[in-house]
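Listed here are the chains, written in short residue letters.
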Amino acid sequence: MESKSVMDMAIIPCIDPIDIGLGSSEKGNVVPAAKPRKKTMTSVYLKFFETAPDGKSRRCKFCGQSYSIATATGNLGRHLSNRHPGYDKATGDAVANPAPLPTIVIKKNQPQAKTPQVDLDHLNWLLIKWLIVASLPPSTLEEKWLANSFKFLNSSIQLWPGEKFQAVLREVFRSMREDVRAILEQVSSKVSITLDFWTSYEQIFYMSVTCQWIDENWSFQKVLLDISHIYSPCSGAEIYRTLVKVLKMYNIYNRVLSCTHDNSPEAMRSCHTLKDNIDSQKVGPFCYVPCAARTLNSIINDGFGTTKPIISKIREFVLEMNASEQIAEEFTEFATAFQEGSWKFPLDASARWSGSYQMLDIVRKAGKSIESIIRKYEESLGSRVLLSSAEKNAVNIMHAFLEPFYKTTNNICTNKLPTIGLVVFFMDHISETISACIDSRHSPDWLKSAAKDMAAKAQKYNEQVCNIFTYMTAILDPRIKVELIPESLNSDNYLEEARAHFFSNYSSNHFSSMTSGFCSAELEDGGSFSFAEEIARKKRRVSLSSTSTDELTQYLSEPPAPLPTDVLEWWKVNSTRYPRLSLMARDFLAVQATSVAPEELFCSNGDEIDKQRFSMPHNSAQALLCIKSWTEGGVRLKYKSTEIDYERLMELAASAAADNSAAGINKKQNG
């Protein structure tokens, strides 16, 4: 048998013509490109060459090279094939069934072999990746000037039509969703979910459902389950119906321990209905949790009160500095001269909490530098951005009042795992800060008025989280335990209920195999063994009860771990000391205190997420946003059963580009 002279390299899967109208092949097999059908002399000359006015020469429309009118047709054909491969496709007169896209063939070390060429249609797969990473709809690629730009680089390039991109994305979405289902089937613990909602430019109401758990190696895991369209009137009942559909699709309905919502009345009603149904089926405990980040963001927004117009004025000035490199440099020089700190441009001027606090901070710490810049550029900036003495005073008061809030949000955003216990601990501190402001005789009336509104929202949150579920979640954080739980949550009754829950769900149930093995012995002995075994079972239950209680008591009797402690690492190290309690900790520490990542709510990067969601058309939203989240989480991008090897694809593309560039340089030198 002769050895093969080619090496198959399946970089991306072959695409079924039913899916996107392209040729198909068995996965991993090299399929030769379909040969272009022969053109008549007339059609070739009219399309690709034009006759000079003197009638003595013909000029190539692609590169301008001229040939004598007497040049043999074979030479003209070789010119088109060598200089302009794929020239026949440039006019739309392509072969009816082009070669399958995914296969790349590279010849093995043969003398005078051509430079390895990446199939030009691989560009479409790279564009798929671009759409996913940038969260852009496939309609982006229908812009004719984008296609023209590619044609400028290579006239043979043909982009898929928009419907083909749509079909590929839908198939990738289905393939990856199956992988996500397989991942969740391997999870041995309880899971928690979070809900987030938004409305697109088309006035379509969406819900994202994300699942969280802690794996057996004590690593926190999360995966987006779905981006679901909530149909009008977007009621709690409709949210509930859609949510249950998602949970059952992934087969986790009976394993959900909690749901953290966005504090909206509709979401709360849907979670309440879900709890009623789970409780009625007795599949396990379930609780829904308000989003602490959204509550805190709303509290802070109330705190700004009458200073919002001042902050807007400061923001205008900062945006002008961000837009001018010269002004930014001069501001930095002034700040250095006045010893007013070091400032990195562009400054955060977003309308989110991080940006608003930055506005207060720069006035508080670099007031002289700001005034110097405004005076120097008064003609362009105008005096409108100058702050009066009263406004400066208000900024100083607000900055001092909100500083603990900034430290709190910064801590929550940077914490590896902001547990319920830690967040409740911080929220209790926020409540104390607000109360101190209200009670202080130094607080101006306008600030006290704002603080009262803030206190009402903080009180509402505290009432919602004051329950046995929150208590159990909090004490399982080794940094919190009982010592750092807020007074409103600390109750002897809660402690006893926690013991009862621990014993009934995490002791005997997990060791049922210890007794189930005696069934065969009972049958073999005709029941004579059952009486002795019954006595033994009673003793085992007493022993388990004592051991379980000792684990919880021993754990709570030890002092809390330092606040910088990595909670999951602590439990990983101490799980052998508390084998039963650690099972409960794995379940409850996965419960989320916020429905979204805190940094997405408090920081400027949330603006980009909002823009992407708002501008996503309905026919692309679910597939694109899910695929993007899954790939960012480590799920491999797949088309049907084949993984898309983008790293290898890029290596080949870069190699081909480098070789083509070198060939061009050599040609110029030889010319």
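What counts and how
Residues numbered from 1 in each chain as written. Predicted model: local features only at pLDDT ≥ 70, side-chain atom pairs only at ≥ 80, totals over all residues. Heavy atoms only, no water. Helix = DSSP H or I, 4+ residues; strand = E, 2+ residues; numbered from the N terminus. Contact = heavy atoms within 4.5 Å. Pairing = 2+ DSSP bridges. Axes fitted to C-alpha atoms, helices over the stretch in contact; angles between N-to-C directions. Salt bridge = Lys/Arg side-chain N within 4 Å of Asp/Glu carboxyl O. Buried < 20%, exposed > 50% of the residue type's maximum accessible area, 1.4 Å probe, protein only. 1 Å grid on protein atoms, 1.4 Å probe; cavity = no way out; pocket = protein on both sides within 12 Å on 5 of 7 lines; lining within 4 Å. Points joined across faces, edges and corners; volume = space filled by probe spheres on them. Nonpolar A, V, L, I, M, F, W, Y, C, P; charged D, E, K, R; others polar.

Caption draft 1: Inspection of the overall build of the protein chain at higher detail. Helix and strand content of the protein chain: 28 helices and 12 strands. Considering only residue pairs separated by 6 or more positions, the protein chain has 71% of its internal contacts joining residues 24 or more positions apart.

Caption draft 2: How the structure looks around the sheet that holds strand β8 (residues 220-230). Strand order in the open sheet formed by five strands is β8-β7-β6-β9-β10, with mixed pairing between adjacent strands. On the outer flanks of this sheet lie β8 and β10 (287-289), each paired with one strand and no other. The average undirected angle you get between the axes of adjacent strands in this sheet is 25°. Here strand β6 (residues 191-199) runs beside strand β7 (residues 205-214); their pairing, made up of eight bridges, is antiparallel. Bridge pairing in β7 places Thr199 opposite Phe205.

Caption draft 3: Layout of the pattern of salt bridges. Per the counting criterion, the structure on display carries 24 salt bridges. The salt bridge partner of Glu238 is Arg241, with a shortest N-O separation of 2.6 Å. Of this pair, Glu238 and Arg241 are both found in helix α7 (residues 236-249), three residues apart, which corresponds to roughly one turn of the helix. Note that Glu266 and Arg269 form a salt bridge whose closest N and O atoms lie 3.9 Å from each other. With Glu266 and Arg269 both in helix α8 (residues 265-281), this residue pair falls three residues apart, about one helical turn. For Arg269, a relative accessible area of 48% gives the class partly exposed. What you see here is one network of salt bridges that share partners, running through Asp196, Arg294 and Arg613.

Caption draft 4: Quick look at empty space enclosed by the protein. Under the counting rule described, the total for this entry stands at two cavities of 30 Å³ or more. Reported here for the largest cavity is a volume of approximately 60 Å³. Elements represented by at least two residues in the lining of the largest cavity include exactly α16 (420-439) and α17 (445-465). Considering only residue class, the lining of the largest cavity consists of five nonpolar, two polar and one charged.

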